[in-house]
Amino acid sequence: MSSTPGVDAFLHCNWAANKKPDYNRLYVLEMKMPNCLHSSCMGFSLYKSTRWLLQVCPSSSLFFTTAPTMPTIQSPTSSLTMRATDVPQEVDDALLTIERSANPILPLLRKARGQESTQNAPPAHQFWLWIKSNGSIRVVFAWMAAEKLYQSAIPNGRIYSVFAPKPLALRFSEEWTKLTGFAPYREPYYDAKITFCTPQDLPPRSQTVDPDYQYEIRPANIQDLEGVAALCLGFSETNAPFHLDLPSARREAQHLIRNQQVWVHYLHRTGVAPTLACIAAHTRDSENIATITKVYTSESCRRRGCAERLVRRLCEELFKTKREVTLYVGNDNPAAKVYRRVGFRGLGPSEVVEGVEPWAEIGFDRNQVVLGYW
């Protein structure tokens, strides 16, 4: 354990019993609550040498990172508040020491504080919990997260999956099943790894160029709405069981465009209308890190280098203000070789890089839970 006094675990939960899904928070934690206005999450993050992060979304998912062997468990202590502005600085300090892993929750904490400062009241239906302990995280905090959720006012059936580094996702699903009887699916919804790149990882290279086309790469604007919505819809169709319908995809596209979080890659050809070939979103910015999500190329434009060209250009833009870009890549995703060419680490067949870790989303029996969208 680090000798620095601080927070071992951090939890946030925010929910609402409303009839509409919320697309405004869709990308904040890569989680979604069904039938609600606010996405909800719980996050545990640990100080320096422990490097564990757990984030739980009621009706959604968990996030963890790996950690070294921990000493014998001692009794943890916890603090809870309804206001993000009451979360002490030591929590921020703890999160910033593991900024890559904490990237999903840091922006949420900042956003909630901003809302409270402008509205003079906290967002409804949320709480924040931080925990101090020096025990075995995999056993104790997985159990504590399950126990806290089970005892909370959030209906158990709204927790439909856990998304975390694989060992902890498995551990939490075991604990949650013991408490609720909700069985996990044998095959993960998403079996992936988190990877990252820095400005030094972007090697100069000649990219695929088709002399018949001109390329346009830029941030999306409202004139791109229908095209972006169509590609958001296409992306969701590769993301079973989390499918969107077209109105939902359009709301998602509106949110991304309004918040300047999505870029577009057009192909231009003489005498032919421009074609929107590819999109890539960037979300969950913290002080030093941004995360790229939702990279999707239209089927008619594949194998032309569009995704590589767009992701590289987006990374170059993000590195003007950030020192690192992170990305989740499915283990069966053929685009891994594309991201590797851009410079993302740990994606080679036998490449082992510290900080590139396996993650999994484990879903619970959909006959017993309400499936949301993340």
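Up top is the structure these notes are about.
Computed from a prediction, not measured in an experiment: that's the story for all the values here. (Residues numbered from 1 in each chain as written. Predicted model: local features only at pLDDT ≥ 70, side-chain atom pairs only at ≥ 80, totals over all residues. Heavy atoms only, no water.)

J.: Please give an account of unusual backbone geometry that cites residues and values.
T.: That bond from alanine 240 to proline 241 is cis: its omega, 0 degrees, falls within 30 degrees of zero. In this structure, proline 241 sits in the loop between helix H6 (225–237) and helix H7 (246–258). Positioned with a positive phi, arginine 284 is a non-glycine residue whose angle comes to about 60 degrees. In this structure, arginine 284 sits in the loop between strand S11 (272–283) and strand S12 (289–297). A positive phi is found at arginine 303, a non-glycine position, where the angle reads about 65 degrees. With respect to the helices, strands and loops of the structure, arginine 303 is situated in the loop between S12 and helix H8 (306–318). Since its relative accessible area comes to 84%, arginine 303 is described here as exposed. (Helix = DSSP H or I, 4+ residues; strand = E, 2+ residues; numbered from the N terminus. Buried < 20%, exposed > 50% of the residue type's maximum accessible area, 1.4 Å probe, protein only.)

J.: Give me the sheet that holds strand S7 (residues 161–165): which residues, what numbers.
T.: If you walk across this open sheet you meet the eight strands as S7-S14-S8-S13-S12-S11-S10-S9, and the pairing is mixed. Bordering the open sheet on either side are S7 and strand S9 (214–219), each of which pairs with just one other strand. The mean angle between the axes of side-by-side strands here comes to 25 degrees, regardless of whether they run parallel or antiparallel. By the bridge criterion, five bridges tie S11 to S12 in an arrangement that is antiparallel. The residue of S12 that forms the bridge with threonine 283 is threonine 291. Here helix H5 (residues 166–180) sits on the sheet in contact with S7, strand S8 (190–197) and strand S14 (357–363), set at roughly 145 degrees to S7. (Pairing = 2+ DSSP bridges. Axes fitted to C-alpha atoms, helices over the stretch in contact; angles between N-to-C directions. Contact = heavy atoms within 4.5 Å.)

J.: So what's going on with the nonpolar core? Residues and values would help.
T.: By size, the foremost hydrophobic cluster in this structure holds 29 residues, and its most contacted members are Ile292, Val295, Val311, Cys315, Val325, Tyr339 and Phe344. Put simply, the parts of the chain that give this core at least two residues each are strand S10 (262–269), S11, S12, H8, strand S13 (324–330) and helix H9 (336–342). Among the elements that make up this core, the one with the highest residue count is H8 (seven residues). Contact partners of valine 325, with chain neighbours within four places excluded, come to Thr195, Phe196, Cys197, Ala290, Ile292, Cys315, Leu318, Phe319 and Phe344. The next biggest cluster of nonpolar side chains, apart from the first, holds 19 residues, and it includes Leu231, Ala253, Val262 and Ile279. (Core = buried A, V, L, I, M, F, W, Y, C linked by side-chain atoms within 4.5 Å.)

J.: Please give an account of the packing of aromatic side chains that cites residues and values.
T.: In total, this model carries six aromatic pairs according to the counting rule given. Ring centres 5.6 Å apart and planes at 50 degrees place the aromatic pair tyrosine 160 and phenylalanine 242 in the tilted group. Taken together, the positions of tyrosine 160 in the loop between helix H4 (137–151) and S7 and phenylalanine 242 in the loop between H6 and H7 put the pair 82 residues apart, joining distant regions of the chain. By the burial criterion, tyrosine 160 is buried, and phenylalanine 242 matches it. On the basis of an interplanar angle of 70 degrees and a centroid distance of 5.0 Å, the ring pair of tyrosine 328 and tryptophan 359 is categorised as edge-to-face. Pair noted here: tyrosine 328 is in strand S13 and tryptophan 359 is in strand S14, with a separation of 31 residues, a long-range link. Of the two residues, tyrosine 328 and tryptophan 359, both sit in the buried class. (Phe/Tyr/Trp six-rings, centres within 6.5 Å; stacked < 30°, edge-to-face > 60°.)

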